[in-house]
Amino acid sequence: MSSDMMNTHISEYASMNHHSSNGNVYKTHKSVQMEAGEIYQDDDSGLDMERSYPHMEQDDLSLLDMTNKKSIAEKKFFYDFIHLVYEEMVVKTSVGQTRVIDFLQPDVLKQRFDFTIRDEPETNQRLLDLAKQTIDLSVKPGHPRFFNQLFSGQDLYGLAGTWLTDAINTSQYTYEVAPVFTLMESEVLQRLRETIGYTDGDGIFCPGGSIANMYAMNLARYKHCPDIKEKGLFSCQRLALFTSEQSHYSIKKGAAFLGFGTNNVILVKCDERGKMIPAELEKAILEAKNEGCKPLFVNATGGTTVFGVYDPIDAIADICEKYGMWLHIDAAWGGSALLSRTHRQLLKGIERSNSVTWCQHKMMGVPLQCSAFLLRDNDGLLFDAHCAGARYLFQQDKCYSVDYDTGDKSIQCGRKVDAFKLWMMWKAKGNSGFEAEIDKKFDNARYMRELIREREGFELVTEGEAPNVCFWYVPPSMRDMEKGTEYQQKLHQVAPLIKERMMKTGTMLVGYQPLKPYVNFFRMIYSNRATNRKDVEWIMDEIDRLGNDIVLK
């Protein structure tokens, strides 16, 4: 088809579909269905291409006819695909009408599922069949009995936000290509900083809490030694980073990735609940100074991954101020307690920190991924440390204020829009809605701890503060044993056996792990807003059902 003919067709199509007289800019799903039905008519029926486009030659008409039919087929596929996702993942999964998992071993799954990509295209029906099989064979974190990770549940406002940003498919780096989302990200980040207690500041959404923690480490180093950006590690003395024994592994990963070295990450002792001991932190700082290190950075945890406890921020902040150190709070999991007037005291002193990691895709229930890195000060540090000044993106003579171009604050170029789904949920719920959901999650955890104290065969590992519950299940065959070495060895095997049965039956998913000095125990996470007290009772009954016949030799 000639370019003139194609332009004529595009103009005609635009005039038919762009705006209706009443201002609508979309077609209903019924009109899409009607269009889609045309391609399944007999070859003799359907659109009269010669009458619709009398100015076109026959070859051009044939090509246009094929293009129209393909476009309609794609719309039909998309409509059917959305309907499939809605029925299977929203209607059924969110209310527990499916299993949490249909587990297959990897070699069996490879045989069961057609993973092969071929030279020739598959039919649309085949793609729909594969999509249905993908759903059936996938773990379903939106299920009300998925408790395996720090994320779970399903929020339809968040899901709608995710679908819209994917449909628009822009990058969050300049106002030029993301005007609404740029202003929206600024508003959401400001609201998050205000919730922390920062009166000013900066921030950015980034791909996960681990990356947010690495932002903090890099900025702390850049502020101490700005020459490092150009001269590299040769311009800096040996720097020491401090974090608790119970902190997230991303601090060590970040130290390796950023060139600090894992040997320069100093693990600070914790008390019996898993909280960093401030006196041990100061002791470790003085030891590092005596060894010729510069104590640079302290990471305090606002809701540890396993035990769910909060480090004493105020006491740690006093020490950081005393020694001129950067204080970062990894509140990836527990930061959402700030939205609750009942529980925000767990993060008392957080406003004194230099930076915060906060993952809204965890306790707030925003769809993955949604993680904010937040700074107390607005001195341009985020931009200065990361900017590269690519002129093909960040021209300084644009027709709007380039202060709105945030891309050079990021270590990424292309950056997915993460703020909209959070903004959508916040608009729908308000602070009061989020507060009620978070209070409910804390209440579920508190209720489970009460039941564990009262029920034979269940034993708490430690008292958590966040909606984590860590416990052992002791089968009847072990309840009269003396709690010595043999008991511990057998108890270590119980949680993996119950988890295996859990995965094979598909009724729920709960995580387990060892953590010195403790043998394997279950870690229950309440981050699904749909979970209620009856579910809590059912969870304990189900674990007892799965494990009460265990006899270990």
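Everything quoted here is computed from the prediction, not taken from an experiment.

Moving on to the overall build of the protein chain. Scanning the protein chain for helices and strands turns up 17 helices and 12 strands. The buried share of the protein chain, reckoned over its 553 residues, is 47%. Total accessible area on the protein chain stands at roughly 27600 Å², and carbon and sulfur atoms take up 52% of it.

Before going further, it helps to examine the pattern of salt bridges. Taken as a whole, this structure holds 37 salt bridges when the rule is applied. Residues lysine 92 and glutamate 88 are paired through a salt bridge, measuring 3.1 Å at the closest nitrogen-oxygen approach. With lysine 92 and glutamate 88 both in helix H4 (residues 58-92), this residue pair falls four residues apart, about one helical turn. Overall, glutamate 88 belongs to the buried group, its relative accessible area being 9%.

Pairing within the open sheet is mixed, and its seven strands lie in the order S2-S8-S7-S6-S5-S3-S4. Bordering the open sheet on either side are strand S2 (202-206) and strand S4 (265-268), each of which pairs with just one other strand. Taking each pair of neighbouring strands and ignoring which way they run, the sheet shows an average axis angle of 20 degrees. Against the sheet, helix H12 (residues 278-290) touches strand S3 (239-244), S4 and strand S5 (294-301), its axis set at about 160 degrees to S3.

Our next topic: helix H13 (residues 313-323). Taken together, the buried positions of H13 are Ile313, Ile316, Ala317, Ile319, Cys320 and Tyr323. Buried residues along H13 cover an arc of 160 degrees about the axis, so they all sit on one side. The outward face of H13, more than 90 degrees from its buried face, is lined by the exposed residues Glu321 and Lys322. Considering only its buried residues, H13 is in contact with H12, S5 and strand S6 (326-330). Of the residues one or two after H13, glycine 324 is the one with positive phi, at around 65 degrees.

Volume-wise, the largest pocket comes out at about 720 Å³. Around the largest pocket, the lining comprises 25 residues; the ones closest to its centre are Met89, Pro141, Gly142, Gln154 and Leu159. Mapped onto the lining of the largest pocket, the elements with two or more residues apiece are H4, helix H6 (124-137) and helix H7 (156-168). The leading source of residues in the lining of the largest pocket is H4, at four residues. Taken together, the residues that form the lining of the largest pocket break down as 14 nonpolar, nine polar and two charged. Each pocket or cavity is described by its volume, and for the second largest pocket that value is around 600 Å³. Taken together, the elements giving at least two residues each to the lining of the second largest pocket come down to helix H9 (209-224) and strand S11 (509-515). In terms of residue count, the dominant contributor to the lining of the second largest pocket is S11 (four residues). Considered class by class, the residues forming the lining of the second largest pocket number nine nonpolar, 17 polar and four charged.

Right, let's talk about the environment of aspartate 136 for a bit. In this structure, aspartate 136 sits in helix H6. With 38 residues separating them along the chain, aspartate 136 and threonine 98 place their C-alpha atoms 8.8 Å apart. Of note is the side chain of aspartate 136, whose polar atom sits 2.8 Å from the side chain of lysine 132.

Turning our attention to the packing of H9 against helix H11 (residues 250-258). Between H9 and H11, the shortest axis-to-axis distance is 9 Å and the interhelical angle comes to 55 degrees. By the angle between their directions, the pair H9 and H11 is classed as oblique. Crossing of H9 over H11 shows right-handed handedness. Mapping the contact onto sequence places Ser210, Asn213, Met214, Met217, Asn218 and Arg221 in H9 and Ser250, Ile251, Lys253, Gly254, Ala255, Phe257 and Leu258 in H11.

Here the focus is the confidence of the model for the protein chain. Mean pLDDT for the protein chain: 88, with 88% of residues reaching 70 or above. Low pLDDT (under 50) marks residues 1-46, which in the prediction has 38 contacts with non-local residues, meaning those over four places away or in another chain.

Here the focus is the environment of glycine 96. In this fold, glycine 96 is placed in the loop between H4 and helix H5 (106-112). Here glycine 96 falls in the partly exposed class, since its relative accessible area comes to 32%. Distance from glycine 96 to threonine 507, taken between C-alpha atoms, is 9.5 Å for residues 411 residues apart in sequence. If we skip the residues at most four places from it in the chain, glycine 96 touches His143 and Pro144.

Parameters at a glance
- Residues numbered from 1 in each chain as written.
- Predicted model: local features only at pLDDT ≥ 70, side-chain atom pairs only at ≥ 80, totals over all residues.
- Heavy atoms only, no water.
- Helix = DSSP H or I, 4+ residues; strand = E, 2+ residues; numbered from the N terminus.
- Buried < 20%, exposed > 50% of the residue type's maximum accessible area, 1.4 Å probe, protein only.
- Areas by Shrake-Rupley, 256 points an atom, 1.4 Å probe, with all protein chains shown as cover.
- Salt bridge = Lys/Arg side-chain N within 4 Å of Asp/Glu carboxyl O.
- Pairing = 2+ DSSP bridges.
- Axes fitted to C-alpha atoms, helices over the stretch in contact; angles between N-to-C directions.
- Contact = heavy atoms within 4.5 Å.
- Arc of directions from axis to C-beta.
- 1 Å grid on protein atoms, 1.4 Å probe; cavity = no way out; pocket = protein on both sides within 12 Å on 5 of 7 lines; lining within 4 Å.
- Points joined across faces, edges and corners; volume = space filled by probe spheres on them.
- Nonpolar A, V, L, I, M, F, W, Y, C, P; charged D, E, K, R; others polar.
- Polar contact = N/O pair within 3.5 Å; in protein donor to acceptor, adjacent residues only side chain to side chain.
- Parallel < 35°, antiparallel > 145°, perpendicular 65-115°, else oblique.
- Left-handed = near helix turned anticlockwise from the far one by under 90°.
- pLDDT = per-residue confidence, 0-100.

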